[in-house]
Amino acid sequence: MDLLNNLALGFTVALSFQNLLWCFLGVLLGTLVGVLPGIGPVATIAMLLPVTFTLPPVSALIMLAGIYYGAQYGGSTTAILVNLPGESSSVVTALDGYQMARQGRAGPALGMAAIGSFFAGTVSTLVIALFAPPLAEVALKFGPTEYFSLMVLGLIAAVVLAHGSLIKAIAMVILGLLLGLVGTDVNSGVARYSFGISELSDGIGFVTVAMGVFGIAEIMANLQQKDTRDIFVAKIDRLLPSMEDIKKCIPSVLRGTVLGSALGILPGGGALLASFAAYTLEKKSAKPPRNFGKGDIRGVAAPESANNAGAQTSFIPLLTLGIPSNPVMALMIGAMMIQGIAPGPQVMTERPQLFWGMIASMWVGNLMLVILNLPLIGMWIKLLTVPYRLLYPAILVFCAIGVYSVNNASFDIYMMAIFAVLGYVWVKLECEPAPLILGFILGPMMEENLRRAMLLSRGDPSVFFTKPISAVLLGISLVLLLIVLSPSIKKKREEAFQEA
Amino acid sequence: MKIRAPKDFWAGLMFIAFGVGFAWVAQNYQMGTSVRMGPAYFPTMLGGILAVIGLWILIQSLIVAGGPVGKFYFRPLILIVLATVLFGVLLKPLGLVLSLAVLVGVGAFGGFEFRWKEVTILYVVLAIFSVLVFVKGLGLPIPVWPGE
Amino acid sequence: MQRLLSLVVAAAAVALAAPAPAQTYPSKPIRFVVPFPPGGPLDITGRAIAQKLAESWGQPVVVDNRPGAGGGIGAELVAKSPGDGYTLLMGAVSTHAINPSLYAKVPYDPQKDFVPVALVAQVPNILVVNPSLPVHSVKELIDYARAKPGALSFGSGSTGSTGHLAGELFKTMAGVDMVHIPYKGGAPAMQDLLAGQTQLMFDNLANALPQVKAGKLRALAVTTSKRSPAVPDLPTVAESGLPGFDLTTWFGVFVPAGTPPETVAKLNAEIVKALASKDLAERLAAMGTVPPERNTPESFAAFVRAEAAKYAQVVKSSGARVD
């Protein structure tokens, strides 16, 4: 059967000693880079591109791919340990993961993240192997109208992310949307809200906001008490998730994997949306008792599976159509061009070793990552036993250098400080940052697609409802909105009845 | 008119301020029409909605009881922010090693337990690690010493 | 007293003997500012050049990505740097020819603040259409567009890019009405073109060619005045009915004004050598680049001046503007 033959070919390529070595180097480096806030896979891959000149093409791409999904693993680690989401997709992991760490359950959190990610990686590798070309065609069906409707759905999901006041969550989403609009407007070229500062003309970076609002504000909040010994529970519960934990998470991992595989194919932000959507879905469909936001392990398992599945399937547009779905893929295209490979639809047929070798090595890489990360958990736990008064300056250092390294600009450090203050204020006012971050990421994309859809339809808004995919997405959004609002409507009605 | 929920009161006020602020600045750009939206369209609309929601939260805070605003602890707030900003300012002229001293020193001061020996050792470790990993290892173009 | 005198004499002797012999350039690491995000063809080529320079001179040449404002942030940074040869800029058609005319205000003077060193690459754009569009030549496209004004949409990687301006120039010269759809980068623009959301595009050769070869897009012409060696069978827009049409995406190395001419000459020689090296030359050819006959600082400077003047004209006649 064709699939088996292809996979066999792929594995012979991936399991060659040389490629195994490069894969290992890639995932190791990726994990390290993911753990360090700020420096991300993009910068690392860019710096390593010249190294790839000298390597054979398959090895080079295997290593670079390893860096990419290795960084996903690494980013989740810091999100769980110190509330620092290294990648935008780890923001959601931080919500419950960090709470688990505070409760002494960092081990199970990290372990579940690794296990969930491995499962998702395996499944999505199969998905790629089986369905890459048809999935790519589906991805092409998503035009600006469909993306816009997807973003609307995503935003309503963002509101669900919050566990406090619904209306404040909505307000935070909108505030996030507005903050996301800072920068050059794609459609007109005008620099909005930049006040003449050139560093703002490309917008506020995600890293800047995340470091400030999640990382530093958290430090400031923790330093409130004179005695910082209770920040992290000294008694470590266990190092790995129990069988019970794992069983509990099976549905979550499955849901996350499906969602991640589906959304990852969409170029331009699909993988991002995957982890948010998975968390939201989980919140609404997990069996009670639910503890989301306070350390529910399923709140780690679902988004982690989703973001790993999404990271793998985001290779599909690259490998089948030659279109990069995110900046990392654009770099991979660069690497391919350096090797003289013109990325495009013919890569699959003209260079099967490359195509299948990469797919097989994705699975190998995932395996390596689990083997690497599980033992490391012990080390990370030890790290948390360092007294907080010594830990937090280290966090501060990594945040500061990390944020600087994104654009080599001190300006970003100042912006991070501003967001740290804002984050602190928001904590005091009980306004949650997670919906804001989602709005921040989705806002500009939503507006861009809305205006582009209107441009393409020459001003006809009915397009959103006449195009089938878009209509379906908007329909789901409406249903979700009703589900979200109905508890509060019910509550209001109950209050009304009580007063009557 | 009594503020029954100070936390929500100030939150509402903040949202109104942001909403109005964003909408107002947006007036510098073209509005366009709803068919061909200009750069000001979306922000103005969103700013308006935000302000309205903020107003709603504010009004609610006058009617329904709620919690007080969390206590502000100024020492960690100011010192951590100061440490970060100073680092940003001093990084280029003084280089990584020296500005890290300021970051760690002032930052450590933001906590309540400052012990010289500990902080110094921590600083040395962090400085060595940072130079090795970020500058030498990853090749980031960060000046290490003054005048680079 | 004796002692003081001999101390003074010693000090004077040291002071007079002090000026060290002028160190050969380069004697410390060089910073190569690339004003675009990592990964694009400009960045990758820059890194390759940086590596070759570093190998040749034994000094690290560090690439510093400073994206933003169409290349303006990085350009501004270098414009304000000392002209000592230790800060280089990978400038492009956007930073030195288009932006000054497109933006109301640019925080540097492209002519006065820089000394051009060497041209690195000139990449043609090609006019590609979605195969569903029933046109097979530029002439047919123009006829189609004239018959259906406002029906065609063309995408580009950003407002003010050569893809955008090529489209505007086409509209003006051919007298047709098409709608420009800006995207954030070439990839999303290409995606929508493949999907048929837009109908045509003036994309750069390296990106578009694989799709053409795979049959997903149809190529109509190249935007340069001469045919490209990478696609010798493809006519130019100029010879297809719009004589005088000439647009390329180019990028090259600049240094801040005030850099000594010997340093500039040395940089030029080394860069030209790097460009001629086997692997770089191959890569540039794959991008569709046409090497210039002469590549001296003076010829490059003249080229930049001519491009700036040309784009001033193109931008004005197209009416494109950015505030």
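Bear in mind the structure is a predicted one, so any value in this text is a computation, not a measurement.

J.: Tell me about the overall build of chain B, and please be specific about residues and values.
T.: Secondary structure assignment for chain B yields four helices and zero strands. Dimensions of chain B, computed from the C-alpha atoms along their principal axes, are close to 55 × 45 × 20 Å. Evaluated residue by residue, chain B yields a buried proportion of 39% over its 148 residues. Within chain B, residue pairs in contact and separated by at least 24 positions form 66% of the contacts whose partners lie at least 6 positions apart.

J.: Residues and numbers for the interface of chain A and chain B, please.
T.: Residue-level contacts link 51 residues of chain A with 58 residues of chain B. In terms of residue class, the side of chain A that touches chain B is made up of 35 nonpolar, seven polar and nine charged.

J.: Run through the nonpolar core, naming residues and quoting values.
T.: Residue and element names in this part refer to chain A. With 329 residues, the main nonpolar core has L61, I80 and V173 as its most contacted residues. Ranked by residues supplied to this core, first place goes to helix α6 (residues 106-140) with 17 residues. Once you skip the residues sitting within four places of it in the chain, I80 turns out to touch T93, A94, G97, Y98, M100, A101, A106, A109, L110 and A113.

J.: So what's going on with the environment of A:L266? Residues and values would help.
T.: All names here are of chain A. As for its placement among the helices and strands, L266 is situated in the loop between α10 (243-264) and α11 (270-285). Judged by C-beta crowding, with 24 C-beta atoms within 10 Å, L266 ranks as buried. Taking the C-alpha atoms as reference points, L266 and I62, separated by 204 residues in sequence, lie 22 Å from one another. Contact partners of L266, with chain neighbours within four places excluded, come to A139 and F142.

J.: Tell me about the domain arrangement of chain B, and name the residues and values.
T.: By convention, interface size is frequently given as the accessible area that disappears when the constituent parts associate. For chain B, the domain assignment lists domain 1 (6-63) and domain 2 (74-137). Using C-alpha coordinates to define each centre, domain 1 of chain B is positioned 38 Å away from domain 2 of chain B.

J.: Requested: an account of the pairing of strand β7 (residues 200-204) of chain C, with residues and values cited.
T.: All names here are of chain C. Within β7, five of the five residues are buried, which leaves the element mostly enclosed by the surrounding structure. On β7, burial covers both faces: L200, F202 and N204 on one face and M201 and D203 on the other are all buried. Here strand β4 (residues 114-129) runs beside β7; their pairing, made up of five bridges, is antiparallel. Residue pairing in the sheet places V129 in a bridge with L200 of β7. Where strand β5 (residues 153-156) meets β7, two bridges bridge the pair, whose relative direction is parallel. Within β7, the residue paired with G155 across the bridge is M201.

J.: Before we move on, could you go through the environment of C:S56 and cite the residues and values that matter?
T.: Mapping C:S56 onto the fold places it in helix α2 (residues 41-57). With 223 residues separating them along the chain, C:S56 and C:D279 place their C-alpha atoms 15 Å apart.

J.: Give me the pairing of β4(C): which residues, what numbers.
T.: Two faces belong to every sheet, and in a regular strand the side chains alternate between them. All names here are of chain C. By the criterion of burial, β4 is predominantly enclosed, with 16 of the 16 residues buried. By the bridge criterion, nine bridges tie β4 to strand β9 (residues 248-256) in an arrangement that is antiparallel. Residue pairing in the sheet places P116 in a bridge with F254 of β9. Bridge count between β4 and strand β8 (residues 218-222): four bridges; the pairing is antiparallel. Bridging across to β8, V129 finds its partner in R218.

J.: Give a description of helix α14 (residues 327-338) of chain A that names residues and reports values.
T.: Across its 12 residues, α14(A) extends 17 Å between first and last C-alpha, which sits within 8% of the 16 Å expected from 1.5 Å per residue. Within α14(A), 11 of the 12 residues are buried, leaving the element largely enclosed by the surrounding structure. Against α3 (41-53), α4 (57-82) and α13 (316-321) of chain A together with α2, α7 (186-195) and α10 (278-286) of chain C lie the buried residues of α14(A).

J.: Residues and numbers for the confidence of the model for chain B, please.
T.: For chain B, the mean per-residue pLDDT works out to 87, and 98% of the residues sit at or above 70. Two numbers describe this predicted complex: its pTM, 0.82, and its ipTM, 0.92.

Criteria and thresholds
- Residues numbered from 1 in each chain as written.
- Chains lettered and ligands numbered in written order.
- Predicted model: local features only at pLDDT ≥ 70, side-chain atom pairs only at ≥ 80, totals over all residues.
- Helix = DSSP H or I, 4+ residues; strand = E, 2+ residues; numbered from the N terminus.
- Buried ≥ 20, exposed ≤ 12 C-beta atoms within 10 Å, placed from the backbone.
- Contact = placed C-beta atoms within 7 Å.
- Nonpolar A, V, L, I, M, F, W, Y, C, P; charged D, E, K, R; others polar.
- Core = buried A, V, L, I, M, F, W, Y, C linked by C-beta atoms within 7 Å.
- Domains from an automatic or database assignment.
- Pairing = 2+ DSSP bridges.
- Expected span 1.5 Å × (residues − 1).
- pLDDT = per-residue confidence, 0-100.

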